[in-house]
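Fold and geometry: a report
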Amino acid sequence: MAKNSRSGHSASQDLPEAELEVLACLWNAGALTAGEIRNQLESYRPMAHGSVLTLLNRLSEKGLVKREKSGQGKSFAYRATRGPKSTHRRILQKLRQRIFGGNSVAIVASLLESQPTSPEEIEELKALIERLEQNQKLEDK
């Protein structure tokens, strides 16, 4: 993980919600301009263009975003430097500890019971459980 030169902590540690939302836009769409990010966030986090640029600069300083020419005039496109998996894992670990007392089954049950689960999702979950069982058997040997 990249280090934040000012604090010595890992760059993705404890991102503020606004920075995390900007990163999520980039994870979902790939490279975006600040204006495109602003448009995507508009419905739930309206921001001035300058505020989006400030967040992107902070993420860039942390090594989580890189800037490149967009091909649209003088604007730049921004791209996440790593995928969301490690950030998702960290957030879920904190949530599991703080809210669910460390109980993984409780957090998964809460997610699945909060909205209808499709037959396809149920099949994916069954396959995941099978893989977890196989890995556990291999570890036990």
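These numbers were taken from a predicted model, which means no experiment stands behind them.

1. Re the side chain of Thr33
Summarising the element assignment, Thr33 is placed in strand S1 (residues 32-33). Exposure remark for Thr33: the relative accessible area of 8% places this residue in the buried category. Not counting residues up to four positions away in its chain, the partners in contact with Thr33 are Ser70, Gln72, Ser75, Phe76 and Ala77.

2. Some words on the packing of helix H4 (residues 85-100) against helix H5 (residues 104-113)
Look at H4 against H5: their axes get within 9 Å of each other, and the N-to-C directions meet at 100 degrees. Taken together, H4 and H5 sit at an angle that is classed as roughly perpendicular. Residue-level contacts link Leu92, Leu95, Arg96 and Phe100 of H4 to Ser104, Ala106, Ile107 and Ser110 of H5. Here the contact of H4 with H5 is composed, by residue class, of five nonpolar, two polar and one charged.

3. Describing the nonpolar core
Counting residues in each nonpolar core, the largest one holds 20 residues, and the members touching the most others are Val22, Leu23, Leu26, Ile37, Leu56, Leu59 and Val65. Every element with two or more residues in this core is listed here: helix H1 (17-29), helix H2 (34-41), helix H3 (49-61) and strand S3 (76-80). Here the element with the most residues in this core is H1; it accounts for six residues.

4. Thoughts on empty space enclosed by the protein
Empty pockets left among the atoms are what a rolling probe the size of a water molecule brings to light. Within the structure shown, the criterion is met by one cavity of 30 Å³ or more. The volume enclosed by the largest cavity comes to roughly 30 Å³. Considering the residues around the largest cavity, the lining is formed by Leu23, Trp27, Leu64, Arg82, Gly83 and Thr87. Looking at side-chain class alone, the lining of the largest cavity contains three nonpolar, two polar and one charged residues.

5. Things to note about the packing of H2 against H3
Think of two packed helices as two axes; the pair is described by the angle between the axes and how far apart they sit. Put simply, H2 and H3 touch, their axes get as near as 9 Å, and they point 110 degrees apart. Classified by the angle their axes make, H2 and H3 are roughly perpendicular. Where H2 abuts H3, its residues Ala34, Gly35, Ile37 and Arg38 lie against His49, Val52, Leu53 and Leu56. In terms of residue class, the contact of H2 with H3 is made up of five nonpolar, two polar and one charged.

The rules behind these values
Residues numbered from 1 in each chain as written. Predicted model: local features only at pLDDT ≥ 70, side-chain atom pairs only at ≥ 80, totals over all residues. Heavy atoms only, no water. Helix = DSSP H or I, 4+ residues; strand = E, 2+ residues; numbered from the N terminus. Buried < 20%, exposed > 50% of the residue type's maximum accessible area, 1.4 Å probe, protein only. Contact = heavy atoms within 4.5 Å. Axes fitted to C-alpha atoms, helices over the stretch in contact; angles between N-to-C directions. Parallel < 35°, antiparallel > 145°, perpendicular 65-115°, else oblique. Nonpolar A, V, L, I, M, F, W, Y, C, P; charged D, E, K, R; others polar. Core = buried A, V, L, I, M, F, W, Y, C linked by side-chain atoms within 4.5 Å. 1 Å grid on protein atoms, 1.4 Å probe; cavity = no way out; pocket = protein on both sides within 12 Å on 5 of 7 lines; lining within 4 Å. Points joined across faces, edges and corners; volume = space filled by probe spheres on them.

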